[in-house]
Amino acid sequence: MSIVAPHWLEPKASHLIGQLRDEQLGHALLIQGPIGVGKHWLADQLSNALACTQWEQTTGSPCGQCQGCQLYQNGTHPDCFYVEPPEAGHHILVDQVRELIAQLMLTPSVSRYRVGILTLAESMTEEAANALLKTLEEPPNDVWLLLVSHSPQNVLPTIRSRCQGVVIAPPAPSLAMNWLQEHHPDGDQKTLELALRMSSGAPLLALEKLTNGLVETADEVLERLHALASGSDIQANLDQTWGDDASTIWPLLAFWVSELARAPHEPSADPRLIDLSNRAKSSDWSSLWSAALNGVSLVGSGRRHDLLMTPWLLDWTSRFKT
Ligand SMILES: [Zn+2]
């Protein structure tokens, strides 16, 4: 797994590896937190420590040199097993869980332990979760299960109660900003701040949005919204791209409406937002925000989104004094 190290999680990783060394670590962990805070990196560190045949002789981190580490880092370790939904948006199926359990019951072949890592654990079907329960109740001594979830409330309570919870929150804003500057050195302060706001402070998600161009698109959307509120022609601004790219644009419209609602209380908000806020006829943005979220919910429904966006943009335009 190639996740750039999220420094803010290093103390937590050391603590958990210390628990492993002291035989205090639960055999089933539920690593939980929002998207983009480093859950997978932490699961990766732990499973690498379990795969390392030398870690007890090191300061607690995987040694990186032994056969276990080498196989792990090549993604070919015979004692580490990964389960995830077969396709995006699908469930983890009972057969996948049964196969995992069968593999975990075998004797480790290289390392001392066998490890199962379940990504998007909340997507297990009830049948799949029930199949996992027995192993969670009485895990063999040489087996670890690492469940990763950004939606732990959707993991069956019987599963949750049998796991040691590892909760990860976004780091402090200054840490998040330092990390983002380190990994996206070309971005100016304003752009990085925007990326973090769009990601609710989750740095890895912010980095993804920066590298896939979403932050730039967000800025363009605000530019157009500002132009519309200043009297620009809607059709000139609603080119085909917006309707065709509805899955990107609707969430950004909702995002900017919520940012606009906050702008009066944030002197450092984008000057375009401050200007819009000063010219707004009302400070009630709830219906416009809901309508954008309704657009989000209709993505994939076959509706023509350019036809849905035109009335939304007319509504937007009507809310400002020109
Ligand atoms: Zn090693």
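Before going into details, it helps to say that this report is about the structure given with it. Fair warning: this is a prediction, and the values are worked out from it, not measured in the lab.

The next point concerns the overall build of the protein. A count of helical and extended segments in the protein gives 16 helices and five strands. Expressed as lengths along the three principal axes of its C-alpha atoms, the size of the protein is roughly 70 × 40 × 30 Å. A buried classification covers 48% of the 322 residues belonging to the protein. Entry remark: accessible area of the protein is about 15800 Å², with carbon and sulfur atoms responsible for 51%. Where the 21 positive side-chain charges of the protein centre and where its 36 negative ones centre are 6 Å apart.

Okay, unusual backbone geometry next. The phi angle at E23 is positive, at roughly 55 degrees, despite the residue not being glycine. Within the secondary structure, E23 sits in the loop between α1 (10–21) and β1 (28–32). Even without a glycine there, the phi angle at S200 is positive, about 50 degrees. With respect to the secondary-structure elements, S200 resides in the loop between α8 (189–198) and α9 (203–211). Exposure remark for S200: the relative accessible area of 63% places this residue in the exposed category.

This paragraph deals with the packing of aromatic side chains. For the structure shown, the criterion picks out eight aromatic pairs. Aromatic ring contacts, followed pair by pair, group W250, W285, W312, W316 and F320 into a single cluster.

On the surface, W289, L293 and V296 cluster together into a nonpolar patch covering about 240 Å² of accessible area. Locating W289 in the fold gives a position in helix α15 (residues 286–297). By relative accessible area, which is 38% here, W289 ends up partly exposed.

Right, let's talk about the side chain of R279 for a bit. Here R279 lies in helix α14 (residues 271–279). Residue class for R279 comes out buried when judged on its relative accessible area of 17%. At a separation of 3.2 Å, a polar atom in the side chain of R279 contacts the side chain of S230. When near neighbours in sequence (up to four residues on either side) are disregarded, R279 contacts H226, A229, S230, R319, F320, K321 and T322.

Quick look at helix α2 (residues 39–51) now. In this model α2 runs 18 Å from its N-terminal to its C-terminal C-alpha over 13 residues, within 8% of the 18 Å that 1.5 Å per residue would give. Burial runs high along α2: 12 of the 13 residues are buried. For α2, the set of buried residues is K39, W41, L42, A43, D44, Q45, L46, S47, N48, A49, L50 and A51.

For the rest of this paragraph, the subject is the sheet that holds strand β5 (residues 164–167). One open sheet holds the five strands; their spatial order is β2-β3-β4-β1-β5, and the pairing between them is parallel. The sheet is open, and its two borders are formed by β2 (80–83) and β5, each paired with just one other strand. Geometrically, the sheet is characterised by an average inter-axis angle of 20 degrees between neighbouring strands, direction not taken into account. Relative to strand β4 (residues 143–149), β1 runs parallel, the two being bridged by five bridges. Opposite I31, over in β4, you have V148 as the bridge partner. Set on the sheet, α1 makes contact with β4 and β5; between it and β5 the angle comes to about 160 degrees. The strands that helix α4 (residues 94–104) touches are β2, β3 (114–118) and β4; relative to β3, the one it contacts most, it runs at about 165 degrees.

Thresholds, definitions, all that
Residues numbered from 1 in each chain as written. Predicted model: local features only at pLDDT ≥ 70, side-chain atom pairs only at ≥ 80, totals over all residues. Heavy atoms only, no water. Helix = DSSP H or I, 4+ residues; strand = E, 2+ residues; numbered from the N terminus. Buried < 20%, exposed > 50% of the residue type's maximum accessible area, 1.4 Å probe, protein only. Areas by Shrake-Rupley, 256 points an atom, 1.4 Å probe, with all protein chains shown as cover. Lys, Arg positive; Asp, Glu negative; His and termini not counted. Charge placed at Lys NZ, Arg CZ, Asp CG, Glu CD. Phe/Tyr/Trp six-rings, centres within 6.5 Å; stacked < 30°, edge-to-face > 60°. Patch = residues over 30% accessible without salt bridge, like charges linked within 9 Å, V, L, I, M, F, W, Y side chains within 5 Å. Salt bridge = Lys/Arg side-chain N within 4 Å of Asp/Glu carboxyl O. Polar contact = N/O pair within 3.5 Å; in protein donor to acceptor, adjacent residues only side chain to side chain. Contact = heavy atoms within 4.5 Å. Expected span 1.5 Å × (residues − 1). Pairing = 2+ DSSP bridges. Axes fitted to C-alpha atoms, helices over the stretch in contact; angles between N-to-C directions.

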